[in-house]
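Okay, here's what each chain looks like letter by letter:
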Amino acid sequence: MSAKILFVDDEPDLESLISQKFRKKIRAEEWHLLFAHNGIKALEKLEEHPDLDMVVTDINMPEMDGLTLLSKLNQINLPLKTVVISADGDIKNIRKAMNFGAFDFLTKPIDFQDLEITINKTLRDVQQLKETQRLRHSEARAREQADDLQSCLQDLKKTQAQLIQTAKMSCLGQMVAGIAHEINNPVNFIYGNISHLSNYIQNLLRLLHLYQHHQQSTPPSSEIQVEIAAIDLEFIIADLPQILASMKGGVDRIQKIVLSLRNFSRLDEANIKSVDIHEGIKSSLLILHNQLQIRAARPEIQVIEE
């Protein structure tokens, strides 16, 4: 690829002279030479060719001199190098140019052999500069790709954790559904027989009261009286209905817990549908009821439903 070199000088014959001196380089497409007559034209050329490698500029020019051009080039901050040309003995301006970042300098009248050596040396430095920039860009891209890979890895880990959690919840749901099913059968058996048991006991109590009513005139035998006292019959008569009510309440609670477990597992509901979120909260609180109770390390957790 040709090296692009911009010569900036107001001498009218310089363009043809340089083109003639370096015609072999131009024909071999080693160098691509551009020309401008002052700093303003040079900046226009730079806009047309932002991939310039090198600027060789005179210091003393009309409209915009070489020092001002160097200042403008520093503001643009492109990977190019500048060489200044000045009259022999113009040390002050040469020093200013070097302070502005000029890579090298030449004096007039121009020695074309010296010019070629300076250009080759400058182009080598430009090549190193561009290579360094390419490496920095490559490193920046590599860091960016590494960051992207790290982000993808984090996303994959998060997705993996979600999949594991989903699998765990699925297994838990199957287990809960199985437990709920196994509990439900004996609970239904107990629940279905409590009403019969309650009726039987009520009938027996009525019969016992009837016996007591008809035996008022004839006191029971001493053996029966001893047994009545031993079993505390009056307490049994009063406590039996409460026991049955407690048993019914316990079975009701077990049924609610089983229903909550079945709702929690949701194995029989594959399709998306509308649900009552309040029922879901109540079911969750019911399952958590025991954990909300008072503990040695903390007081009872109060749950306020609003």
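Above this note sits the structure.
Note that this is a predicted model, so its numbers are computed, not measured.

Parameters at a glance
- Residues numbered from 1 in each chain as written.
- Predicted model: local features only at pLDDT ≥ 70, side-chain atom pairs only at ≥ 80, totals over all residues.
- Heavy atoms only, no water.
- Helix = DSSP H or I, 4+ residues; strand = E, 2+ residues; numbered from the N terminus.
- Rg over C-alpha atoms; globule rule 2.2 N^0.38 Å.
- Buried < 20%, exposed > 50% of the residue type's maximum accessible area, 1.4 Å probe, protein only.
- Contact = heavy atoms within 4.5 Å.
- Areas by Shrake-Rupley, 256 points an atom, 1.4 Å probe, with all protein chains shown as cover.
- Lys, Arg positive; Asp, Glu negative; His and termini not counted.
- Charge placed at Lys NZ, Arg CZ, Asp CG, Glu CD.
- Patch = residues over 30% accessible without salt bridge, like charges linked within 9 Å, V, L, I, M, F, W, Y side chains within 5 Å.
- Salt bridge = Lys/Arg side-chain N within 4 Å of Asp/Glu carboxyl O.
- Phe/Tyr/Trp six-rings, centres within 6.5 Å; stacked < 30°, edge-to-face > 60°.
- Pairing = 2+ DSSP bridges.
- Axes fitted to C-alpha atoms, helices over the stretch in contact; angles between N-to-C directions.
- Parallel < 35°, antiparallel > 145°, perpendicular 65-115°, else oblique.
- Left-handed = near helix turned anticlockwise from the far one by under 90°.
- Nonpolar A, V, L, I, M, F, W, Y, C, P; charged D, E, K, R; others polar.
- Right-handed = clockwise from strand over helix to strand, strands pointing away.

1. Examining the overall build of the protein
- From N to C terminus, the protein includes 9 helices and 5 strands.
- Taken from the N to the C terminus, the helices and strands of the protein come in the order β-α-α-β-α-β-α-β-α-β-α-α-α-α.
- Here the protein has a C-alpha radius of gyration of 50 Å; the compact-globule value for 306 residues is 19 Å, and the former is much larger.
- Principal axes of the C-alpha set define a box for the protein whose edges measure 155 × 40 × 30 Å.
- By the burial criterion, 26% of the 306 residues in the protein qualify as buried.
- Residue pairs in contact within the protein that sit at least 24 positions apart in sequence constitute 70% of those at least 6 positions apart.
- On the protein, roughly 21400 Å² of surface is accessible, and the fraction owed to carbon and sulfur atoms is 56%.
- Both charge centroids of the protein, one from 34 positive and one from 42 negative side chains, sit 3 Å from each other.

2. Concerning a positive patch on the surface
- Together, Lys21, Arg23, Lys24 and Arg27 make up a region of like positive charge exposed at the surface.
- With 3 residues, helix α2 (residues 23-27) is the largest single contributor of residues to the positive patch.
- Along the polypeptide, Lys21 turns up in helix α1 (residues 14-21).
- Judged by its relative accessible area of 49%, Lys21 falls in the partly exposed class.

3. Considerations on the packing of aromatic side chains
- If you walk through the whole model with that rule in mind, you get 3 aromatic pairs.
- Counting every residue linked through ring pairs, the aromatic cluster contains Phe22, Trp31 and Phe112.

4. Remarks on the sheet that holds strand β3 (residues 54-58)
- Reading across from one edge, β2-β1-β3-β4-β5 is the order of the 5 strands in this open sheet, with parallel pairing throughout. With partners counted over all chains shown, the strands left at the sheet margins are β2 (31-36) and β5 (104-108), one partner each. Neighbour-to-neighbour, the strand axes of the sheet open up by a mean angle of 20°, direction not taken into account.
- Bridge count between β3 and strand β4 (residues 81-87): 5 bridges; the pairing is parallel. Paired with Val55 across the bridge in β4 is Thr82.

5. Overview of helix α7 (residues 222-231)
- Burial runs low along α7: only 0 of the 10 residues are buried.
- The positive-phi residue at the C-terminal boundary of α7 is Asp232, with phi of around 55°.

6. What to know about the packing of helix α3 (residues 39-48) against helix α4 (residues 66-76)
- Contact pair α3 / α4: the axes reach a minimum separation of 10 Å and the direction vectors enclose 25°. As judged from the angle between their axes, α3 and α4 are roughly parallel. At the point where α3 passes α4, the crossing takes the right-handed sense. Contacts between α3 and α4 involve Gly39, Ala42, Leu43 and Leu46 from the former and Leu69, Lys72, Leu73 and Ile76 from the latter.
- In the contact of α3 with α4, the residues fall into 6 nonpolar, 1 polar and 1 charged.

7. A short note on the pattern of salt bridges
- Per the stated rule, a full pass over the model turns up 12 salt bridges.
- One salt bridge in this structure joins Lys25 and Glu30, with 3.2 Å as the shortest N-O distance.
- Since its relative accessible area comes to 41%, Glu30 is described here as partly exposed.
- For the salt bridge of Glu44 with Lys41, the shortest nitrogen-to-oxygen distance reads 3.9 Å. Remark: Lys41 and Glu44 occur in helix α3; sequence separation between them is 3 residues, near one turn of the helix.
- Lys41 gets classed as partly exposed once you look at its relative accessible area, which sits at 42%.
- One connected set of salt bridges, linked through shared partners, spans Asp9, Glu11, Asp58 and Lys108.

8. Quick notes on the pairing of β3
- Buried residues dominate β3, accounting for 5 of its 5 residues.
- Burial along β3 is two-sided: Met54, Val56 and Asp58 facing one way and Val55 and Thr57 facing the other are all buried.
- Taken together, the 4 bridges between strand β1 (residues 3-8) and β3 define a ladder with parallel strand orientation. Note that in β3 the partner of Phe7 across the bridge is Val56.
- Handedness of the crossover joining β3 and β4 through α4: right-handed.

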